[in-house]
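Chain and residue survey
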Amino acid sequence: MSFVSLSSLAQQQPLRMLLVNAGEADSITWAGLVQPLRLAAAQLGRDVLQLETMTPAQVVLAQPGWHLALLVADEQQAPLPPEQARAVIERCRSAQYWGGVGAGVLWLASAGLMAGVRIALPWALYADTEDITERAILTPHLFELDGRHLSCCGGAASIDFALTLIEMLFGATVQASVKETLCIERVRGPEERQRVALQARFGALQPRLSEAVTLMETNIEEPLSTDDIANLVGLSRRQLERLFKQYLGSLPSRYYLELRLQRARQLLLDTNHSIVQVGLMCGFSSGSHFSTAFGALFGNTPREERQRKLIG
């Protein structure tokens, strides 16, 4: 995920951000995204952030030149008419960074524009992904930032997504001010998962994959080996690895490690357990191994993560 490169947009003064509302104005997907960004824009002023919100009809007639553009629609929204959809998408793609939120993610992927890109799609739309799974890489995460491409599953996750963008682009102080106004204590990160996403996508199609992930989720403190998991779900190790690679883009061991580290991060932020205790609770008998693995995934140490909680 290109956090560093996206952060470079903050050097653009003013930064032009486009949000295209292709759904209902009162949906949580739209409100959750636009309200934090409006608060940030009011605080920063137009010399720093120019936030432009438009309908599909308006954006087709607008002057391009945006640094970041997002196509937003609630998961229940019907697709735009084909000709209008093409025009809107082309406008969004003219930005340096672009993507979708909610159903907008599916529309972009269905247009063939997310080939090889990790995307966060609302779990309720997984049934509509048969024609895009060969091109896009679906993840069960709340949102993804992959190169120039941004995606968010929408719903309440839109708030976390917007606050993450604010921190990356304008710093922790601005984000803290917006959080305080909205009475939000914690911002969920992109690595956190939609809780029902895997079951919704694979429960019937790949029950053994779903069962393997459930085993991992319920055996965090004392991790199972890949061979153990394969035996428990009735597969060979190679069959299990092939399933994980095909559907989750990862080996079982890597997916399991990231699952444990995500749980550790949550515990560091949400509890007062010591760092050593958190490591043990997530299956790390060695403090150095825990710290190294945590740093490799998140870019900071467990101690620095705990410090974020204390500062926030």
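From a predicted model like this one, the values you see are computed outputs, not experimental measurements. (Residues numbered from 1 in each chain as written. Predicted model: local features only at pLDDT ≥ 70, side-chain atom pairs only at ≥ 80, totals over all residues. Heavy atoms only, no water.)

1. Focus: the environment of R237
Mapped onto the fold, R237 is located in helix α11 (residues 237-248). In this structure the C-alpha to C-alpha distance between R237 and P252, which are 15 residues apart in sequence, comes to 9.4 Å. Reaching out from R237, the side chain makes a polar contact with the side chain of D227 at a distance of 3.3 Å. (Helix = DSSP H or I, 4+ residues; strand = E, 2+ residues; numbered from the N terminus. Polar contact = N/O pair within 3.5 Å; in protein donor to acceptor, adjacent residues only side chain to side chain.)

2. Comments concerning the sheet that holds strand β7 (residues 143-146)
Read across the sheet, six strands follow the order β2-β1-β3-β4-β8-β7 without closing on themselves; strand pairing throughout is mixed. Looking at strand neighbours, the two that pair on one side only are β2 (49-54) and β7, the edges of this open sheet. Taking the axes of each pair of neighbouring strands and ignoring which way they run, one obtains an average angle of 15° across the sheet. Direction of pairing for strand β3 (residues 68-73) relative to strand β4 (residues 97-102): parallel, over a ladder of six bridges. Bridged to A69 within β4 is W98. Taken strand by strand, helix α5 (residues 103-110) contacts β3, β4 and β8 (149-152), and its axis lies near 125° from that of β4. Across the face of the sheet, helix α6 (residues 157-170) comes into contact with β1 (15-21), β2, β3, β4, β7 and β8 while running at roughly 145° to β8. (Pairing = 2+ DSSP bridges. Axes fitted to C-alpha atoms, helices over the stretch in contact; angles between N-to-C directions. Contact = heavy atoms within 4.5 Å.)

3. Re the UniProt feature "domain: HTH araC/xylS-type" (unreviewed entry) in the protein chain
Mapped onto the present numbering, the UniProt feature "domain: HTH araC/xylS-type" (unreviewed entry) falls on residues 210-308. Annotated as 74% helix and 0% strand, the span residues 210-308 places its first and last C-alpha atoms 33 Å apart. (UniProt positions renumbered as here; feature names shortened; annotations may be inferred.)

4. Considerations on the packing of aromatic side chains
Think of a pair of aromatic rings as described by two things: how far the centres are apart, and how the planes are tilted against each other in angle. Summed over the entire model, instances satisfying the criterion amount to five aromatic pairs. Note on F143 and F161: the rings are 5.3 Å apart at their centroids and 50° apart in plane angle, and the pair reads as tilted. In this pair, F143 sits in strand β7 while F161 sits in helix α6, placing the two residues 18 residues apart along the sequence. The interplanar angle of 35° and the centroid separation of 5.2 Å between the aromatic rings of F284 and F290 together place this pair among those described as tilted. You can call F284 buried: its relative accessible area is 3%. Judged by relative accessible area, F290 falls into the buried class, the value being 3%. The structure contains a cluster of three or more aromatic residues connected by ring pairs, namely F284, F290, F294 and F298. Directly above the ring of F284 sits R260, whose terminal nitrogen or CZ lies 4.2 Å from the centroid. R265 extends its terminal NZ or CZ atom over the ring of F298, reaching a point 5.0 Å from the ring centre. (Phe/Tyr/Trp six-rings, centres within 6.5 Å; stacked < 30°, edge-to-face > 60°. Buried < 20%, exposed > 50% of the residue type's maximum accessible area, 1.4 Å probe, protein only. Lys NZ or Arg CZ within 6 Å of the ring centre and 35° of its normal.)

5. Side note on the confidence of the model for the protein chain
For the protein chain, mean pLDDT is 88; residues scoring 70 or higher make up 91% of the total. β3 holds the highest mean pLDDT among the elements of the protein chain, 97, whereas helix α8 (residues 197-202) holds the lowest, 59. (pLDDT = per-residue confidence, 0-100.)

6. Thoughts on empty space enclosed by the protein
Inspection of the entire model under this criterion finds one cavity of 30 Å³ or more. In this structure, the largest cavity occupies an estimated 40 Å³ of space. Taken together, H141, R193, Y255, E258, L259 and Q262 make up the full set of residues lining the largest cavity. Split by residue class, the lining of the largest cavity holds two nonpolar, two polar and two charged. (1 Å grid on protein atoms, 1.4 Å probe; cavity = no way out; pocket = protein on both sides within 12 Å on 5 of 7 lines; lining within 4 Å. Points joined across faces, edges and corners; volume = space filled by probe spheres on them. Nonpolar A, V, L, I, M, F, W, Y, C, P; charged D, E, K, R; others polar.)

7. Quick word on unusual backbone geometry
Residues other than glycine seldom take positive phi values, yet C183 does so here, at roughly 60°. Of the residues examined, C183 reaches a relative accessible area of 72% and is grouped as exposed.

8. Description of the domain arrangement of the protein chain
The figure often quoted for interface size is the accessible area lost as the parts come together. Under the domain assignment, the protein chain is made up of domain 1 (7-182) and domain 2 (198-309). Spacing between the C-alpha centres of domain 1 and domain 2 amounts to 29 Å. (Domains from an automatic or database assignment.)

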